[in-house]
Amino acid sequence: MSEHERWMRVALAEADVAASKGEVPVGCAIVSATGELLATGHNLRETDEDPTAHAEIVAIRAAAKKLASWRLEGATLYVTLEPCVMCAGAMVNARVARVVYGCDDPKAGACTTLFTIGADTRLNHRFPIERGVLAEDSADRLRRFFAALRAQGKK
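The sections below set out a description of the structure shown in this document. (Residues numbered from 1 in each chain as written. Predicted model: local features only at pLDDT ≥ 70, side-chain atom pairs only at ≥ 80, totals over all residues. Heavy atoms only, no water.)

## Focus on the packing of helix α1 (residues 3-20) against helix α5 (residues 135-151)
Right, so step 1: Here α1 crosses α5 at 5°, and the two axes come no closer than 11 Å. Relative to α5, α1 is oriented roughly parallel. Contact residues: R9, L12, A15 and D16 in α1; D137, S138 and R141 in α5. (Axes fitted to C-alpha atoms, helices over the stretch in contact; angles between N-to-C directions. Helix = DSSP H or I, 4+ residues; strand = E, 2+ residues; numbered from the N terminus. Parallel < 35°, antiparallel > 145°, perpendicular 65-115°, else oblique. Contact = heavy atoms within 4.5 Å.)

If you want it as structure tokens, here you go:
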């Protein structure tokens, strides 16, 4: 198992926690340049009644608190679903070194699908992106979650 797969499995476990709470199953793990797990997070929008409580934002806040700094320089962020505009912007502002994600988000993806925020030269920070790590595992969680909602007549 590659290092990326190892950490993506941590993010997938967070996605499972989100699903168990009735949240969209997206999970995140942030790892330091030395390989230390800094923080994890999962979607909490419904639980916290907070539109900004995406897995990435939850994890970024926790990592910043752990480091006592808003700068997450050298850190790699692993997330099961391609980040949205808000989350990609937060990664720029937090100076995340690299982003690795599972499946593309054709409706809101802001790293490769709809926008390329991490590569935009107009911004003051950029980061390399690796996509498709355990993509099928990530996508399967989302498919099952939304199929269950549709079966209940909720979506």
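Back to the write-up after that little detour.
## Here we look at the nonpolar core
Right, so step 1: In this structure, C28, I30, I60, L72, L77, M91 and V96 are the most contacted members of the largest nonpolar core, which totals 33 residues.
Right, so step 2: Looking at this core, the elements that each hand over two or more residues are β1 (27-31), β2 (37-42), α3 (55-67), β3 (76-81), α4 (85-94), β4 (98-103) and α5.
Right, so step 3: Of all hydrophobic cores here, the second largest spans nine residues; its members include L12, V31, V100 and L134. (Core = buried A, V, L, I, M, F, W, Y, C linked by side-chain atoms within 4.5 Å. Buried < 20%, exposed > 50% of the residue type's maximum accessible area, 1.4 Å probe, protein only.)

## Some details on the packing of aromatic side chains
Right, so step 1: Tallying each qualifying case throughout the model produces one aromatic pair.
Right, so step 2: Consider the rings of F145 and F146, whose centres lie 5.1 Å apart with planes at 85°: the pair is edge-to-face.
Right, so step 3: Residue class for F145 comes out buried when judged on its relative accessible area of 13%.
Right, so step 4: Residue classification places F146 among the partly exposed positions, given a relative accessible area of 25%. (Phe/Tyr/Trp six-rings, centres within 6.5 Å; stacked < 30°, edge-to-face > 60°.)

## A word on the pairing of β2
Right, so step 1: Note that β1 and β2 share five bridges and pair antiparallel. Within β2, the position partnered with G27 by the bridge is H42.
Right, so step 2: In this antiparallel pair of consecutive strands, β1 and β2, the connection spans five residues, and G35 shows a positive phi of 90°. (Pairing = 2+ DSSP bridges.)

## Quick look at the sheet that holds β3
Right, so step 1: Strand order in the open sheet formed by five strands is β2-β1-β3-β4-β5, with mixed pairing between adjacent strands. The open sheet is flanked by β2 and β5 (129-131), the only strands paired with a single partner. Averaged over all pairs of adjacent strands, the angle between their axes in this sheet comes to 15°, without regard to strand direction.
Right, so step 2: Where β4 lies against β5, three bridges are found, and the strand directions are parallel. Among the inter-strand pairings, V100 is bridged to a residue of β5, identified as E130.

## Examining the side chain of H4
Right, so step 1: Along the chain, the position of H4 falls in helix α1.
Right, so step 2: With a relative accessible area of 14%, H4 lands in the buried category.
Right, so step 3: Residues within four places of H4 in sequence aside, it is in contact with Y78, R98, V100, E130 and V133.

## Re the environment of F145
Right, so step 1: Structurally, F145 is set in helix α5.
Right, so step 2: Taking the C-alpha atoms as reference points, F145 and G22, separated by 123 residues in sequence, lie 8.7 Å from one another.
Right, so step 3: Not counting chain neighbours up to four residues away, the residues in contact with F145 comprise G22, E23, V24 and P25.

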